[in-house]
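Coordinate analysis (summary)
Spelled out, the chains give:
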Amino acid sequence: MTDSAPTLRASTIDPDEVERFSRIADEWWDPTGKFAPLHRLNPVRLGYIRDRAAAHWKRDPLTGLPLAGLSLLDIGCGGGLICEPTARLGAQVTGIDAAERNIATASLHARRQELEIDYRATTAEALAQSSARFDIVLALEIVEHVADVDLFLEACSQLVKPGGLIFLSTLNRTAKAWALAIAGAEYLLRWLPRGTHDWRKFLRPSEVVRGLGAGGITPQEIVGVVYNPLSRTWSMNKNDLDVNYMMYGSKGP
């Protein structure tokens, strides 16, 4: 760790986004509620993180605690849907969120599960001002909700330890993504509350790579995350980045 960090400007908080998610904070752990899509997506996200992290640190992903001894930061942790399973995989987990109600919900649920997770109501750029650095940084389904993408990606990059990894997932800015993620998911199927997403805030993979690269992150892989409406399951597909995609990168030693 270092004793100081470069000064970051302004804030990534979008007050409207924080208020939107605060209003439904109590529903995070309802698998049939407003966050049902994330509950269905979670096994794919978790498996991807576990497998790539285990490979990076030369561990077996399927035995023991593959993330044991590794510090992990979940940015925009919400109610803790990723924090809890990564803690069970052995990671020393910190979860941050700009919405205090989300942190309260996550903290209460973790206590009930007897899990030790360090939850904080703060932002990536605020935490980056400290000496805190992590082996693994997660920014899942969050970058499309921030007010300043460049600042956010800069802060995320700073929070990764040398030799560490960052995982990011978001939505591509394509016509197909608008049709499926907004028109379909929010208006036709009503999986998500209307207004959850703004297509103009979706990011092309090249934009994410460029933003993380400015902070010293080297991309390792970008894969599509595709939903099958017949089986109601998600899967990875390297050839389809049109809507949801996930990527990870590493910071040099």
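Parameters and conventions
Residues numbered from 1 in each chain as written. Predicted model: local features only at pLDDT ≥ 70, side-chain atom pairs only at ≥ 80, totals over all residues. Heavy atoms only, no water. Buried < 20%, exposed > 50% of the residue type's maximum accessible area, 1.4 Å probe, protein only. Helix = DSSP H or I, 4+ residues; strand = E, 2+ residues; numbered from the N terminus. Pairing = 2+ DSSP bridges. Right-handed = clockwise from strand over helix to strand, strands pointing away. Core = buried A, V, L, I, M, F, W, Y, C linked by side-chain atoms within 4.5 Å. Contact = heavy atoms within 4.5 Å. 1 Å grid on protein atoms, 1.4 Å probe; cavity = no way out; pocket = protein on both sides within 12 Å on 5 of 7 lines; lining within 4 Å. Points joined across faces, edges and corners; volume = space filled by probe spheres on them. Salt bridge = Lys/Arg side-chain N within 4 Å of Asp/Glu carboxyl O. pLDDT = per-residue confidence, 0-100. Axes fitted to C-alpha atoms, helices over the stretch in contact; angles between N-to-C directions.

Within strand β2 (residues 92-97), five of the six residues are buried, leaving the element largely enclosed by the surrounding structure. Across five bridges, the pairing between strand β1 (residues 71-75) and β2 is parallel. Paired with Ile75 across the bridge in β2 is Ile96. Once you follow β1 into helix α3 (residues 83-88) and on to β2, the crossover reads as right-handed.

With that out of the way, let us pick up the nonpolar core. With 37 residues, the main nonpolar core has Leu67, Ile117, Tyr119, Ile136, Leu138 and Phe167 as its most contacted residues. Elements that contribute at least two residues to this core include exactly α2 (36-56), α3, α4 (100-112), β4 (134-140), β5 (160-171), β6 (217-228) and β8 (244-251). Ranked by the residues each element gives to this core, the list is headed by α2, at seven residues. Setting aside residues up to four positions removed in sequence, Ile117 forms contacts with Cys83, Glu84, Ala87, Val93, Gly95 and Ala110. In terms of nonpolar packing, the next biggest core, distinct from the first, is built from 27 residues, Ile75, Phe134, Ala155 and Leu212 among them.

Applying the stated criterion to the full structure yields one cavity of 30 Å³ or more. As for the largest cavity, its lining consists of Leu41, Val44, Arg45, Glu141, Ser169, Thr170, Val225, Met236, Asn244, Tyr245 and Met246. If you list the elements that add at least two residues to the lining of the largest cavity, you get α2, β5 and β8.

Turning our eyes to something else, we now look at the pattern of salt bridges. Considering all chains together, one arrives at 12 salt bridges under this definition. A salt bridge links Arg50 to Asp51; the shortest N-O distance between them is 2.8 Å. By relative accessible area, which is 21% here, Arg50 ends up partly exposed. Residue Asp51 is classed as partly exposed on the basis of its relative accessible area of 26%. The residue Lys161 makes a salt bridge to Asp135 at a minimum N-O spacing of 3.8 Å. Highlighted residues: Lys161 in strand β5 and Asp135 in strand β4, separated in sequence by 26 residues. Note on Asp135: relative accessible area 13%, which makes it buried. Salt bridges here are not isolated pairs; linked through shared partners, they connect Arg52, Glu221 and Lys238.

Our next topic: the confidence of the model for the protein. Within the protein, residue pLDDT values average 88, and 85% of them lie at 70 or more. In this model, residues 1-7 is a region of pLDDT below 50 whose contacts with residues beyond four sequence positions or in other chains number 12 contacts.

Our focus in this paragraph is the sheet that holds strand β3 (residues 118-121). In space, the eight strands of this open sheet follow the order β3-β2-β1-β4-β5-β8-β6-β7, with mixed pairing throughout. Where the open sheet ends on each side, the last strands, each with one partner, are β3 and β7 (233-237). The mean angle between the axes of side-by-side strands here comes to 20 degrees, regardless of whether they run parallel or antiparallel. Judged from the eight bridges that link them, β6 and β8 form a sheet pairing that is antiparallel. Counterpart to Thr218 in the pairing with β8 is Ser250.

Phi is positive for Lys58, close to 55 degrees, though the residue is something other than glycine. Residue position: Lys58 is located in the loop between α2 and β1. Residue Lys58 is classed as exposed on the basis of its relative accessible area of 75%. Here the phi dihedral of Glu141 falls at roughly 50 degrees; this positive angle occurs in a residue that is not glycine. Along the chain, Glu141 turns up in the loop between β4 and α6 (149-158).

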